[in-house]
Amino acid sequence: MMRENEWTSHYIKEISKIDKGVRAPKALVRTYGCQMNVRDSEKLSGMLAKMGYELTDDEEVADLVIFNTCCVRENAENKLYGHLGNFKERKRKKPHLKLVLCGCMMQQDIVIERIRAAYSYVDVIFGTHNLYRFPELLHSHFETGQTIIDIWSEAREIVEDLPSLREFPFKAGVNIMYGCNNFCTFCIVPHVRGRERSRRPADILAEIRAMAADGVSEVLLLGQNVNSYEFGFAQLLHDVSEIGGIERIRFTSSHPKDVSDNVIATMRDLPKVCKHLHLPFQAGSDRLLGLMNRKHSKKWYLDLVDKIRAEIPEIALTTDIMAGFPGETEEDFLDTLDVVRHARFASAFTFIYSRRLGTPADRMPDQVDEAVVGERFSRLVAEINKISLEINLQKVGKTLKILTESVGKNDVLNGRADDNSLVHFSGDSGLVGHYVDIKITGAKTFYLQGEIV
Ligand code: SAM
Ligand code: SF4
Ligand code: F3S
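About the cut-offs
- Within every chain, residues take consecutive numbers counted from 1 along the sequence as written.
- Chain A is the first chain written and ligand 1 is the first ligand written, with later ones labelled in order.
- A pLDDT threshold of at least 70 governs which residues receive local features in this predicted model, and a stricter bar of 80 or more applies before side-chain atom pairs are shown or counted, although totals over entire chains, interfaces and linings include all residues.
- For the side-chain quantities, the full set of heavy atoms in the structure was used; hydrogens and water were omitted.
- Helix and strand assignments come from DSSP, with helices taken as H or I runs of at least 4 residues and strands as E runs of at least 2, each series counted from the N terminus.
- It is over C-alpha atoms that the radius of gyration is taken, and the globule rule equals 2.2 Å times the number of residues to the power 0.38.
- Should any heavy atoms of two residues lie within 4.5 Å, those residues are counted as being in contact.
- All accessible areas in this document rest on Shrake-Rupley with a 1.4 Å probe, and a residue is counted as covered only by the protein chains that are shown.
- In this tally, Lys and Arg are treated as positive and Asp and Glu as negative; His is ignored, and so are the chain termini.
- One atom stands in for each charge, and that atom is NZ of Lys, CZ of Arg, CG of Asp or CD of Glu.
- Only protein chains enter the accessibility calculation, which uses a 1.4 Å probe; a residue whose area is less than 20% of its type maximum is buried, one above 50% is exposed, and one in between is partly exposed.
- A 3.5 Å cut-off defines polar contacts: any pair of N or O atoms within that distance qualifies, except that in protein one atom must be a possible hydrogen donor and the other a possible acceptor, and neighbouring residues in sequence count only when both atoms are side-chain atoms.
- Whether two strands pair comes down to DSSP finding at least two bridges between them.
- All axes are obtained by fitting lines to C-alpha atoms, using only the stretch in contact for helices, and the reported angles, taken between N-to-C directions, cover 0 to 180 degrees.
- Marked domain ranges trace back to an automatic or database domain assignment.
- The buried area of a pairing is the accessible area, by a 1.4 Å probe, that goes missing from both parts when the two are put together, added over both.
- Only one rule defines a salt bridge in this text: a Lys or Arg side-chain nitrogen within 4 Å of an Asp or Glu carboxyl oxygen.
- Any angle that is under 35 degrees is reported as roughly parallel, and any over 145 degrees as roughly antiparallel; angles of 65 to 115 degrees are reported as roughly perpendicular and all others as oblique.
- Helix crossings fall into two classes, left-handed where the near helix is turned counterclockwise from the far one by less than a right angle and right-handed where it is turned clockwise.
- Only Asp, Glu, Lys and Arg are considered charged, only Ala, Val, Leu, Ile, Met, Phe, Trp, Tyr, Cys and Pro nonpolar, and every remaining residue, Gly among them, polar.
- Think of it this way: a Phe, Tyr or Trp ring, Trp meaning its six-membered ring, pairs with another when their centres are within 6.5 Å, and the plane angle makes it stacked under 30 degrees, edge-to-face over 60, tilted otherwise.

Draft legend 1. Structural detail: the overall build of the protein. The helix and strand tally for the protein stands at 13 helices and 19 strands. In terms of C-alpha radius of gyration, the protein reaches 23 Å, essentially the compact-globule figure of 22 Å for 453 residues. Overall, the C-alpha framework of the protein stretches about 65 × 55 × 45 Å when taken along its three principal axes. Contacts in the protein between residues at least 24 apart in sequence constitute 74% of all its contacts with a sequence separation of at least 6. Carbon together with sulfur atoms contributes 50% to the accessible area of the protein, which is approximately 20200 Å² in total. Of note, the protein has its 59 positive side-chain charges centred 2 Å away from the centre of its 64 negative side-chain charges.

Draft legend 2. Seen up close, helix 5 (residues 134-144). Residues of helix 5 that are buried include every one of Phe134, Pro135, Leu137, Leu138, His139, His141 and Phe142, and no others. Of the residues flanking the end of helix 5, it is Gly145, one or two places downstream, whose phi is positive at about 75°.

Draft legend 3. The arrangement of the environment of Arg195 in detail. Tracing the chain through its elements places Arg195 in the loop between helix 6 (189-193) and strand 9 (197-198). The sequence separation of Arg195 and Ser388 amounts to 193 residues, and the corresponding C-alpha distance is 35 Å. For Arg195, the residues in contact, after removing those within four places along its chain, are Tyr178, Gly179, Cys180, Asn181, Phe183 and Pro190. Within polar-contact distance, the side chain of Arg195 engages the side chain of Asn181 at 3.3 Å. Reaching out from Arg195, the side chain makes a polar contact with the backbone oxygen of Pro190 at a distance of 2.7 Å.

Draft legend 4. Representation of the sheet that holds strand 19 (residues 448-452). Spatially, 15-16-17-19-18 is the arrangement adopted by the 5 strands of the closed barrel, whose pairing is mixed. The mean angle between the axes of side-by-side strands here comes to 50°, regardless of whether they run parallel or antiparallel. In this sheet, strand 16 (residues 413-417) lies alongside strand 15 (residues 399-407) in antiparallel orientation, the contact comprising 5 bridges. Within strand 16, the position partnered with Thr404 by the bridge is Gly415.

Draft legend 5. Region of the structure containing the domain arrangement of the protein. Domain annotation for the protein reports domain 1 (2-150), domain 2 (162-393) and domain 3 (399-452). For domain 2 versus domain 3, the distance between C-alpha centres works out to 24 Å. At the junction of the two partners, domain 2 supplies 17 residues and domain 3 supplies 19 residues. The contact between domain 2 and domain 3 buries some 1500 Å² in all, and 51% of this surface belongs to carbon and sulfur atoms. For domain 2, the biggest contributors to the area lost against domain 3 are Phe170, Arg248 and Asn392; these three give 41% of the whole. If you look at where domain 2 meets domain 3, you find 1 salt bridge. Here Glu405 ties to Lys171 by a salt bridge, and the two come within 3.2 Å at their closest N and O atoms. Taken together, domain 2 and domain 3 are joined by 9 residue pairs in polar contact (both at pLDDT 80 or more).

Draft legend 6. The packing of helix 8 (residues 233-241) against helix 9 (residues 261-269), seen in detail. Viewed as axis vectors pointing N to C, helix 8 and helix 9 meet at an angle of 20°, and their least axial separation amounts to 8 Å. As the angle between them shows, helix 8 and helix 9 are arranged roughly parallel. Once helix 8 is placed against helix 9, the crossing between them reads as left-handed. Of the residues in helix 9, those touching helix 8 at Phe233, Ala234, Leu237 and His238 are Asn262, Val263 and Thr266. Taken together, the residues of the contact of helix 8 with helix 9 sort by class into 4 nonpolar, 3 polar and no charged.

Draft legend 7. Local environment of the environment of Val124. Among the structural elements, Val124 can be located in strand 5 (residues 124-126). Spatially, the C-alpha atom of Val124 lies 9.1 Å from that of Ile66, the residues being 58 residues apart in sequence. Those residues in contact with Val124, other than ones at most four positions away along the chain, are Leu99, Val100, Leu101, Leu137, Leu138, His141 and Ile148.

Draft legend 8. Main features of the packing of aromatic side chains. With the rule as written, the count across this model stands at 13 aromatic pairs. Summarising the aromatic geometry, the rings of Tyr132 and Trp152 are spaced 6.1 Å apart at their centres and angled 80° between planes, so their arrangement reads as edge-to-face. Remark: Trp152 occurs in the loop between strand 6 (148-150) and strand 7 (171-175) and Tyr132 occurs in the loop between strand 5 and helix 5; sequence separation between them is 20 residues. On the basis of relative accessibility, which here comes to 7%, the residue Trp152 falls in the buried class. Consider the rings of Phe325 and Tyr353, whose centres lie 5.7 Å apart with planes at 65°: the pair is edge-to-face. Here Phe325, found in the loop between strand 13 (316-323) and helix 12 (330-343), pairs with Tyr353, found in the loop between strand 14 (347-352) and helix 13 (370-393); they are 28 residues apart in sequence, far enough to count as distant. In this structure Tyr353 comes out as buried when scored by relative accessible area, which is 10%. Three or more aromatic residues joined by ring pairs make a cluster, and in this case those are Tyr32, Phe67 and Phe87.

Draft legend 9. Representation of the pairing of strand 16. Within strand 16, 4 of the 5 residues are buried, which leaves the element mostly enclosed by the surrounding structure. In this antiparallel pair of consecutive strands, strand 15 and strand 16, the connection spans 5 residues, and Asn410 shows a positive phi of 55°. Across 4 bridges, the pairing between strand 16 and strand 17 (residues 422-425) is antiparallel. Bridge pairing in strand 17 places Arg416 opposite Leu422. Here strand 16 hands over to strand 17 after 4 residues, with Asn420 in that stretch at a positive phi of 80°.

See below:
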């Protein structure tokens, strides 16, 4: 019997004949959402490469397009529907074009119903729990010519050793756990990603060792709440820190309720662990925090911030904040601004609350008027930006070690400091992937400017 990859490569050869067999068929993977999806897309790209596809970024030339979707807010979903509409005409002109949908959005029945009804030209659909079956599902589609829909309501085993094509050769995300058990009342993630499952330390460490051997020097440990890693997050940081070739260890996200003294001390003591902590607080008022099921108060959060700063004075804190949760009053919102002023975040992801079907918050009374939320959101962003600029200005004159990440506009290089601040500087493109000492000469709200010393 042929193996999955062989079956699929048989069909891939058929596709390549469309262009007289002179080129490999091309695939494009479009990713929405968070680092989890970015990492999943790297695995999809790895599978596509094994099947014989060449990856492209150009929708016009692609023979297969995958949309790896996100449903955390309504606008993420709307973006997908906008794109899907364009594919009707494109598929008419290019009948062999395959359209594949996967990711968080597909875990919702209502989405599948809408796609069946309005976008019947989609070829393959799968969800978050069966990503590894993509080659087999694509094969079934080639065999039958039918739309293949396979969504699992729950995760089964963790599948290790999937191929992967990384976005960057020198830095990489590594899942340490999947799913979430926290059920914040506004959030769809636990509903579409399932319950927490931790990967075994040996599997994670083997993956990172292989990455290090392949030139990766910075790893980003990924989970919705890495502090509830089943086999001990502090110990994992110690173990990763032992791996030769790994220079920097980052992680995201941390639910404040689970940040232990042990993890704080480990961050302080291990030089490879970057002095940056992403610590979402969502809202300031105790009443809203209760309704959100965040399991801590405003004071508890600010005390945690003080404790972390006392141990690691140089730490950069970043956060996620939401405006417009149901029932949010002006007084509640002032508590949010108060947290921003006291915690002094280096930067923050700010969101307007978005109703998500099936979550408890969607059924709460007093959904806040759009205009009121918009006005609060602007005040929130202004306050955060003011503090970001103040923090950045304090870095002028300092020399920071930067990992060069990319070449930007006008050949300016972009890199990141240990504390995750973004730095622009002039230099040779050969520096990408390398560490350089940069003297900071200027500061803006969202980035620093500097020169090589
Ligand atoms: N697990 C991470 C944590 O709790 O730190 C967060 C993951 S979630 C993908 C990222 C952020 O999206 C959340 O921290 C929250 O601020 C925001 N978010 C989640 N649901 C939302 C909703 N319904 N409307 C607006 N923003 C939302
Ligand atoms: Fe969503 Fe809360 Fe889980 Fe984060 S911790 S993914 S915000 S439910
Ligand atoms: Fe979106 Fe799923 Fe991440 S809903 S934010 S891609 S876990």
